[in-house]
Amino acid sequence: DRKIGTHFYDPLAGGSPLLWQHLFWIFGHPEVYLQFIPAAGIMSMIIPVFARQRISGYTLVVMSIVATGFISFGLWVHHMFTAGLPQVSLTFFSAASMVIAIPSGIQVFSWISTIAAGKPVFKTPFLFSLGFLVLFTLGGITGVMVASVPFDWQVHDSYFVVAHFHYVLIGGATFPIFAALYYWVPKFTGRLYNETLGKWNFWLMFIGFNLTFFPMHFLGLLGMPRRVYTYQAGLGWDIYNLIASIGAFILGAGVLLFVYNFYWMLRQGPPAGGNPWEGDSLEWATPSPPVPHGFTHLPIVRSRHPLWDQANLREGDPQAETVVRMLASWPLTWRAAVITSTLDARPQEIFRVAGPAIWPFIAAVGMVMIFAAEVFSLHLAALAGLLVIAVALVGWHWPKDIPTTIEEEERFERETGIAVRPNGSPIISRWAMGALVLVIAIAVGTLLFTYFYIRIENLEWPPAAIPLPNWPVALVAISALLVGAAFTWRAERAIKENDARLMKLALALGFVFSAAAGVVLTLDLARLPFTWATHAYGSTFYALAGTMLLALAGGLVFSAITQGWAWRGRFHARNHTMVSNIVVYFSGTAVMWLVVLAVLYGGPYLF
């Protein structure tokens, strides 16, 4: 709103200040849970090793982690219980906030039962894992408490919330990080830390953390607001803040002890050996530190605990043994990797891995340019950063000649039954392009949420001074894009049949029709009697339409590059990954155009 004069949050122009809170927490709350998900993976690897016991309820743990990721997107409003929202919505989001404790509880009980069924070895990584279980459980309990609307009204924006947040985030993320450092750093360095110092490190951090943050629960219940650094004497807060201050110093001492222990390990730590913890996973089958390429011969894995269950990592079914034997001798002039199926890890493809390049660094420089320029409203410099990123991406993905022949590829395929893809993996490309379309769809979904939220806030839509949109324009534009997407699909089918001529014609027609859709929408935006600065209606209209044009522009650039390679004879029945990627991108873009234009041009006639 401040940068270019839109009115999303301006109530005098149809916007809503509460919309900012909604958008912030729609992102901010799942982000907290996404920090916990890696910690859950760490715990699921460390606890079984030191418990000397396979993890209990493995399938339920995996399902719970996935469920946490999905449910976390549906409970952001519990941060806004005091914002004056309708009671019906508070009831729904209160229930959702309590429901997410179920998958978290499944994971915690799985880890506890694993420990109870095993014979624990109380090394430092395991101590930090136990600390995680205690602290995260306490944080989860207070999380269920603040999910109750009446209780939340009493402690909202108080130190109770500060305590809850730190028990979840430090207990649920930081303690697992320290467990992971003590567990895996010896593999990186080849040296062990001092176990006595490690245990002192844990107890100092555990005691210091609880002294720091547990008293904050009482401070919140006594009414101390968060985000204050001073207060009057005699309010009953003094002793709890004094205890918290002492605890903070103890916690800091524990962190400093870790730094010293790390330094001691690098200077005089004893050799770690290949598997100091008697671990079960593949990294412990390599030397410490491991060689850069990991394994000279790829291991054949038949268990979730290969080092516990398999006496020989080279034994497996005949196809797997053949693949491993063949990969040890070919290819030798380019880097290859194996693509496997998701569930049972069966080999599906051999593809070429990109080598070292400067382009990722250049892309990162462009990203820094954009954000640094926008801080000072230097829009031209931001556009320059965008251009740098575009050039880096093109250079990064520019096709390179591979020192191999079709005869070599076919020989490997005959002996192993696995496809060879030296020019790019269709499987990885399909997943990657699908992820890109999903990211764009999430951005579009956020803007659609904004559109409907502001629509509900306004009695007139569009405002009286703005005419209804010209719906035939949307019909023409989406029809043209759907035809363009159909032609890209036909291009992929043609190249699969090795018909390069038809492929090039279909790609060209797809480009023309898709570009025509963009021209039609652009001309309509140019003739509109309002801008994004006219009203919140104009802000949402231009934001959604502009996003659609940007998505289409990216696809057209992609299509133009693909056509250039097509005319150079790059594609054939065995190599057409770029063409397949265009199909995925334009199919997703067409669906988003259909939804967005139906809302923008048809919505005002219906509601």
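Predicted, not measured: the structure shown is a model, and the values here were computed from it. (Residues numbered from 1 in each chain as written. Predicted model: local features only at pLDDT ≥ 70, side-chain atom pairs only at ≥ 80, totals over all residues. Heavy atoms only, no water.)

## A look at the overall build of the protein
Here's step 1: A count of helices and strands for the protein gives 19 helices and three strands.
Here's step 2: For the protein, buried positions account for 44% of its 607 residues.
Here's step 3: About 30,800 Å² of surface is accessible on the protein, with carbon and sulfur atoms providing 70% of the total. (Helix = DSSP H or I, 4+ residues; strand = E, 2+ residues; numbered from the N terminus. Buried < 20%, exposed > 50% of the residue type's maximum accessible area, 1.4 Å probe, protein only. Areas by Shrake-Rupley, 256 points an atom, 1.4 Å probe, with all protein chains shown as cover.)

## Some remarks on the packing of helix H12 (residues 359-375) against helix H13 (residues 379-397)
Here's step 1: The contact between H12 and H13 brings their axes to 8 Å, and the two run at 165°. Regarding the angle of H12 to H13, the classification is roughly antiparallel. Crossing hand, H12 versus H13: left-handed. Between H12 and H13, the contacting residues are Trp359, Pro360, Ile362, Ala363, Gly366, Met367, Met369, Ile370, Ala373 and Glu374 on the first element and His379, Ala381, Ala382, Ala384, Gly385, Leu386, Val388, Ile389, Val391, Ala392, Gly395 and Trp396 on the second.
Here's step 2: Classifying every residue of the contact of H12 with H13 by side-chain character gives 17 nonpolar, four polar and one charged. (Axes fitted to C-alpha atoms, helices over the stretch in contact; angles between N-to-C directions. Parallel < 35°, antiparallel > 145°, perpendicular 65-115°, else oblique. Left-handed = near helix turned anticlockwise from the far one by under 90°. Contact = heavy atoms within 4.5 Å. Nonpolar A, V, L, I, M, F, W, Y, C, P; charged D, E, K, R; others polar.)

## Observations concerning the packing of aromatic side chains
Here's step 1: Taken as a whole and judged by the stated rule, the model has 54 aromatic pairs.
Here's step 2: Here Tyr183 and Trp184 contribute two aromatic rings whose centre-to-centre distance is 4.6 Å and whose plane-to-plane angle is 80°, an arrangement assigned as edge-to-face. In this pair, the class of Tyr183 matches that of Trp184, namely buried.
Here's step 3: Taken together, a centroid distance of 5.5 Å and an interplanar angle of 65° make the contact between Phe541 and Tyr601 edge-to-face. Of the two residues, Phe541 is situated in helix H18 (residues 536-567) and Tyr601 in helix H19 (residues 577-606); the sequence distance between them amounts to 60 residues. For the pair formed by Phe541 and Tyr601, the shared burial category is buried.
Here's step 4: In this structure, Arg304 is placed above the aromatic ring of Tyr58, and the distance from its NZ or CZ to the ring centre is 3.7 Å. (Phe/Tyr/Trp six-rings, centres within 6.5 Å; stacked < 30°, edge-to-face > 60°. Lys NZ or Arg CZ within 6 Å of the ring centre and 35° of its normal.)

## What about H18?
Here's step 1: With 32 residues, H18 extends 46 Å from end C-alpha to end C-alpha; this agrees with the ideal 46 Å at 1.5 Å per step.
Here's step 2: One or two positions beyond H18, positive phi appears at Gly569, with a value near 75°. (Expected span 1.5 Å × (residues − 1).)

## Considerations on the domain arrangement of the protein
Here's step 1: Split into domains, the protein comes out as domain 1 (17-268), domain 2 (295-350) and domain 3 (425-605).
Here's step 2: Taken over C-alpha atoms, the centre of domain 2 sits 41 Å from the centre of domain 3. (Domains from an automatic or database assignment.)

## Section: the nonpolar core
Here's step 1: With 58 residues, the main nonpolar core has Met503, Phe541, Phe571, Phe586, Trp593, Leu597 and Leu600 as its most contacted residues.
Here's step 2: Elements that contribute at least two residues to this core include exactly helix H1 (17-51), helix H15 (426-457), helix H16 (471-496), helix H17 (500-527), H18 and H19.
Here's step 3: The dominant element in this core, judged by the number of residues it contributes, is H18, at 14 residues.
Here's step 4: Grouped together as the second largest cluster of nonpolar side chains are 52 residues, Ile65, Ile115, Leu133 and Tyr182 included. (Core = buried A, V, L, I, M, F, W, Y, C linked by side-chain atoms within 4.5 Å.)

## What to know about the side chain of His576
Here's step 1: Within the secondary structure, His576 sits in the loop between H18 and H19.
Here's step 2: Of the polar contacts made by the side chain of His576, one reaches the backbone oxygen of His572; its length is 3.3 Å.
Here's step 3: Non-local contacts of His576, meaning those with residues more than four positions away in its chain, are made with Ile495, Lys496 and Phe571. (Polar contact = N/O pair within 3.5 Å; in protein donor to acceptor, adjacent residues only side chain to side chain.)

## What about the sheet that holds strand S1 (residues 336-340)?
Here's step 1: Spatially, S1-S2-S3 is the arrangement adopted by the three strands of the open sheet, whose pairing is mixed. Of all the strands in the sheet, just S1 and strand S3 (419-421) have a single pairing partner and so form its edges. Strand after strand, the sheet turns through a mean of 25° between neighbouring axes, direction not considered.
Here's step 2: Where S1 lies against strand S2 (residues 347-352), five bridges are found, and the strand directions are antiparallel. In the sheet register, Ala336 faces S2, and the bridge partner there is Arg352.
Here's step 3: The strands that H15 touches are S1, S2 and S3; relative to S2, the one it contacts most, it runs at about 85°. (Pairing = 2+ DSSP bridges.)

## Regarding the environment of Gly424
Here's step 1: Summarising the element assignment, Gly424 is placed in the loop between S3 and H15.
Here's step 2: Gly424 sits 154 residues away from Met578 along the chain, and the two C-alpha atoms are 8.7 Å apart.

## Describing the environment of Met63
Here's step 1: With respect to the element layout, Met63 can be found in helix H2 (residues 58-71).
Here's step 2: Owing to a relative accessible area of 52%, Met63 belongs among the exposed residues under this scheme.
Here's step 3: C-alpha of Met63 to C-alpha of Ile106: the two residues are 43 residues apart in sequence and 9.6 Å apart in space.

## A closer look at the packing of H2 against helix H4 (residues 101-117)
Two packed helices can be described by the angle between their axes and the distance between those axes.
Here's step 1: Between H2 and H4, whose axes approach to 8 Å, the crossing angle comes to 150°. Here H4 runs roughly antiparallel to H2, going by the angle between their axes. You can see that H2 and H4 cross each other, and the crossing is left-handed. Contacts between H2 and H4 involve Leu60, Val61, Ser64, Ile65, Ala67, Thr68 and Ile71 from the first element and Pro103, Ile106, Gln107 and Ser110 from the second.
Here's step 2: For the contact of H2 with H4, the residue count by class is seven nonpolar, four polar and no charged.

## Focus: the pattern of salt bridges
Here's step 1: Per the stated rule, a full pass over the model turns up 12 salt bridges.
Here's step 2: As a salt-bridge pair, Arg52 and Glu278 come within 3.8 Å of each other at their nearest N and O atoms. Of this pair, Arg52 sits in the loop between H1 and H2 while Glu278 sits in the loop between helix H9 (238-268) and helix H10 (306-309), placing them 226 residues apart in sequence.
Here's step 3: For Arg52, a relative accessible area of 32% puts it in the partly exposed group.
Here's step 4: In this structure, the salt-bridge partner of Glu409 is Arg574, at a minimum N-O distance of 2.9 Å. Here the residue Glu409 occupies a position in helix H14 (residues 406-416), and Arg574 occupies one in the loop between H18 and H19, the gap between them amounting to 165 residues.
Here's step 5: Exposure remark for Arg574: the relative accessible area of 27% places this residue in the partly exposed category. (Salt bridge = Lys/Arg side-chain N within 4 Å of Asp/Glu carboxyl O.)

## Concerning the environment of Ala533
Here's step 1: Tracing the chain through its elements places Ala533 in the loop between H17 and H18.
Here's step 2: Residue class for Ala533 comes out partly exposed when judged on its relative accessible area of 35%.
Here's step 3: Put simply, Ala533 and Ala13 are 520 residues apart on the chain and 9.2 Å apart in space, counted from C-alpha to C-alpha.
Here's step 4: With near-sequence residues (within four places) excluded, Ala533 lies in contact with Gly5 and His7.

## Some thoughts on a nonpolar patch on the surface
Here's step 1: A contiguous nonpolar surface patch, about 750 Å² in accessible area, is contributed by Phe452, Leu468, Trp471, Leu475, Tyr605, Leu606 and Phe607.
Here's step 2: Counting only elements with at least two residues in the nonpolar patch, the list comes to H16 and H19.
Here's step 3: Residue position: Leu475 is located in helix H16. (Patch = residues over 30% accessible without salt bridge, like charges linked within 9 Å, V, L, I, M, F, W, Y side chains within 5 Å.)

## What about unusual backbone geometry?
Here's step 1: With an omega of 0°, the peptide bond between Trp330 and Pro331 qualifies as cis.
Here's step 2: Examined against the element boundaries, Pro331 turns out to sit in the loop between helix H11 (318-327) and S1.
Here's step 3: Each neighbour pair has its own omega, and for Trp461 with Pro462 the value is -5°, a cis peptide bond.
Here's step 4: Its place among the elements puts Pro462 in the loop between H15 and H16.
Here's step 5: Despite not being glycine, Glu278 shows a phi value in the positive range, around 60°.

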